[in-house]
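Residue strings, one per chain:
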Amino acid sequence: MNKDIATPMRTREILHKYGFSFKKSLGQNFLIDTNILRRIVDFAELSSETGVIEIGPGIGALTEQLARRAKKVVAFEIDQRLLPILEDTLSSYSNVHIIHQDVLKADIQHVIDNELIGIRDIMVVANLPYYVTTPIIMKLLTDRLPIRGMVVMLQKEVADRISAQPGTKDYGSLSIAIQYYTKAETVMTVPRTVFIPQPNVDSAVIRLTKREKPLVNVENELFFFQVVRASFGQRRKTILNNLMSNLPNGKSLKKEIETVLAELHIDPRRRGETLSIDEFASLSNQLWTIFA
Ligand code: SAM
């Protein structure tokens, strides 16, 4: 077996050999702790039949651990300077395919159809670039890809928001959007000392397991998310005021919104953060009859 990339010494050796300088703007914080990487891979429950999509392989620290356990790893890397490095560090793994592309612009379904042909179990595993964690996760979910789920490292503060429950300060439209599509758990917190360079924030690993069907039934998904975002518009405002201010023509539909809230036994003075996802679903389904 090859020497692990994710040790402080080997990582420094590789960076030095290629004269690589980190780009903060690309969220480049590389992991230098093999035990943490192995635990991330454990949480993904890979088998020799699993296909993995990785985002941001860096110098290949996580990629090599994935390649040892999965059937194939396809990794998207935006930074061209890392391509020759990856070619070198991962040269002994024939089951890795690197794509030089911004993952946010990628047609991931097309990549799955071409690179993971015939593979039925697909997981996303990544140490995400922190400046774009939320757009990446939302894209992977809203693209409706045939994945089992994701195990990803991100800022602890974002992990807290993703897995938050109603009535807590972290609960908001991000918690609802992600819990609508997946079962979300924070499985590990990670200190900043295991990266070079060290980030300014602590990190966490979350596991998102895709639901067979969304958590609640909604008439119109776009409108459901619009109602959720409207309800959290200003956190200190009541649900009634937020809906009136943030839905189109909300002010002129005050009476109708009040009637819907009364029918659903939702006190108009409650704040958005106290509503469960079930309540948001019923609310958006009723409001849809007015706003459609
Ligand atoms: N996986 C490596 C590790 O754990 O050490 C590196 C993780 S580092 C936090 C994030 C990586 O994502 C960097 O290699 C960066 O160049 C890459 N990256 C940043 N933005 C990206 C994007 N939009 N699409 C693809 N890769 C991106």
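Refer to the structure above for everything that follows.
Worth saying up front: this structure is predicted, and the values here are computed from it rather than measured.

S.K.: For this particular structure, what's the right way to read the packing of helix H2 (residues 34–43) against helix H3 (residues 61–69)?
M.R.: Any two packed helices are characterised by how steeply their axes cross, that is the angle between the axes, and by the distance between the axes. The contact between H2 and H3 brings their axes to 10 Å, and the two run at 50°. Between H2 and H3, the angle falls in the class oblique. In the crossing of H2 with H3, the sense of the turn from one axis to the other is right-handed. Contacts from Thr34, Leu37, Arg38, Ile40, Val41 and Asp42 of H2 reach H3 at Ala61, Leu62, Gln65, Leu66 and Arg69. The residue makeup of the contact of H2 with H3, split by class, is six nonpolar, two polar and three charged.

S.K.: Where do I start with the nonpolar core in this structure?
M.R.: The nonpolar side chains of soluble globular proteins are, as a tendency, buried together. In terms of nonpolar packing, the biggest core is built from 67 residues, with Ile137, Phe224 and Leu287 touching the most fellow members. Once residues within four sequence positions are removed from consideration, isoleucine 137 is found in contact with Leu128, Met150, Val152, Leu154, Ile162, Ile178, Ile206 and Leu208. In terms of nonpolar packing, the next biggest core, distinct from the first, is built from 41 residues, Ile40, Ala61, Ile85 and Tyr130 among them.

S.K.: What is the right way to read the pattern of salt bridges from this model?
M.R.: Opposite charge on two side chains makes pairing possible when the charged atoms of those side chains draw close. A full pass over the atoms with the stated rule returns 22 salt bridges. Among the salt bridges present, the one from aspartate 121 reaches arginine 148, with a minimum N-O distance of 2.6 Å. Here arginine 148 lies in the loop between helix H6 (133–142) and strand E6 (149–155) and aspartate 121 lies in strand E5 (residues 121–127), a separation of 27 residues in the sequence. Judged by its relative accessible area of 22%, aspartate 121 falls in the partly exposed class. Arginine 161 is the salt-bridge partner of glutamate 157, the closest N and O atoms lying 3.2 Å from each other. In this pair, glutamate 157 and arginine 161 are both assigned in helix H7 (residues 156–162), four residues apart and thus about one turn of the helix distant. Assessed through its relative accessible area of 30%, arginine 161 is described here as partly exposed. A cluster of three or more residues bridged by salt bridges with shared partners is formed by Asp4, Arg38, Glu64 and Arg68.

S.K.: I tried to follow the side chain of threonine 50 on my own but got confused; where do I start?
M.R.: Looking at the secondary structure, you find threonine 50 in strand E2 (residues 50–55). The exposure class of threonine 50 is buried, given its relative accessible area of 0%. A polar atom in the side chain of threonine 50 sits 2.8 Å from the backbone nitrogen of serine 47. In contact with threonine 50, other than residues within four places in its own chain, are Ala70, Lys71, Lys72, Ile119, Asp121, Met123 and Arg148.

S.K.: Sorry, what's going on with the sheet that holds E2 here?
M.R.: Strand pairing within a sheet occurs via backbone hydrogen bonds; the two strands may be parallel or antiparallel. Strand order across the open sheet formed by seven strands is E4-E3-E2-E5-E6-E9-E7, with mixed pairing between neighbours. Only two strands of the sheet have a single partner each, and these edge strands are strand E4 (96–100) and strand E7 (182–190). Across the sheet, the axes of successive neighbouring strands diverge by a mean angle of 20°, strand direction being ignored. Direction of pairing for E2 relative to E5: parallel, over a ladder of four bridges. Bridge pairing in E5 places isoleucine 53 opposite valine 124. Along the sheet face, helix H5 (residues 108–115) touches E2, strand E3 (72–77), E4 and E5 and points at about 145° away from the line of E3.

S.K.: Explain the site of the ligand to me, please; I cannot follow it from the model alone.
M.R.: Close to the ligand lie 22 residues, the nearest being Leu31, Gly56, Glu77, Asn127 and Tyr131. Between the ligand and the protein, one listed contact pairs an oxygen atom with a backbone N or O atom of glycine 58 at 3.3 Å. Isoleucine 78 has a polar backbone atom sitting 3.4 Å from a nitrogen atom of the ligand. In the complex, the protein chains occlude 99% of the 600 Å² of accessible area that the ligand would expose alone. Structurally, the ligand is housed in the largest cavity. At the level of secondary structure, the elements contributing two or more residues to the shell around the ligand comprise strand E1 (30–31) and E3. Its residues assigned to classes, the shell around the ligand shows eleven nonpolar, seven polar and four charged.

S.K.: Looking at this structure, I do not really get empty space enclosed by the protein. What am I missing?
M.R.: The gaps left among the atoms become clear once a water-sized probe is rolled over them. Taken as a whole and assessed by the stated rule, the structure comprises one cavity of 30 Å³ or more. What the largest cavity holds in volume is close to 370 Å³. Taken together, 30 residues line the largest cavity, and the ones lying closest to its centre are Ile55, Gly56, Glu77, Asn127 and Pro129. Listed by contribution, the elements that provide at least two residues to the lining of the largest cavity are E1, E2, H3 and E3. Residue classes in the lining of the largest cavity are distributed as 19 nonpolar, eight polar and three charged.

Quick notes on the rules
- Residues numbered from 1 in each chain as written.
- Predicted model: local features only at pLDDT ≥ 70, side-chain atom pairs only at ≥ 80, totals over all residues.
- Heavy atoms only, no water.
- Axes fitted to C-alpha atoms, helices over the stretch in contact; angles between N-to-C directions.
- Helix = DSSP H or I, 4+ residues; strand = E, 2+ residues; numbered from the N terminus.
- Parallel < 35°, antiparallel > 145°, perpendicular 65-115°, else oblique.
- Left-handed = near helix turned anticlockwise from the far one by under 90°.
- Contact = heavy atoms within 4.5 Å.
- Nonpolar A, V, L, I, M, F, W, Y, C, P; charged D, E, K, R; others polar.
- Core = buried A, V, L, I, M, F, W, Y, C linked by side-chain atoms within 4.5 Å.
- Buried < 20%, exposed > 50% of the residue type's maximum accessible area, 1.4 Å probe, protein only.
- Salt bridge = Lys/Arg side-chain N within 4 Å of Asp/Glu carboxyl O.
- Polar contact = N/O pair within 3.5 Å; in protein donor to acceptor, adjacent residues only side chain to side chain.
- Pairing = 2+ DSSP bridges.
- Near = heavy atom within 4 Å.
- Areas by Shrake-Rupley, 256 points an atom, 1.4 Å probe, with all protein chains shown as cover.
- 1 Å grid on protein atoms, 1.4 Å probe; cavity = no way out; pocket = protein on both sides within 12 Å on 5 of 7 lines; lining within 4 Å.
- Sits in = over half its atoms within 2 Å of the grid points.
- Points joined across faces, edges and corners; volume = space filled by probe spheres on them.

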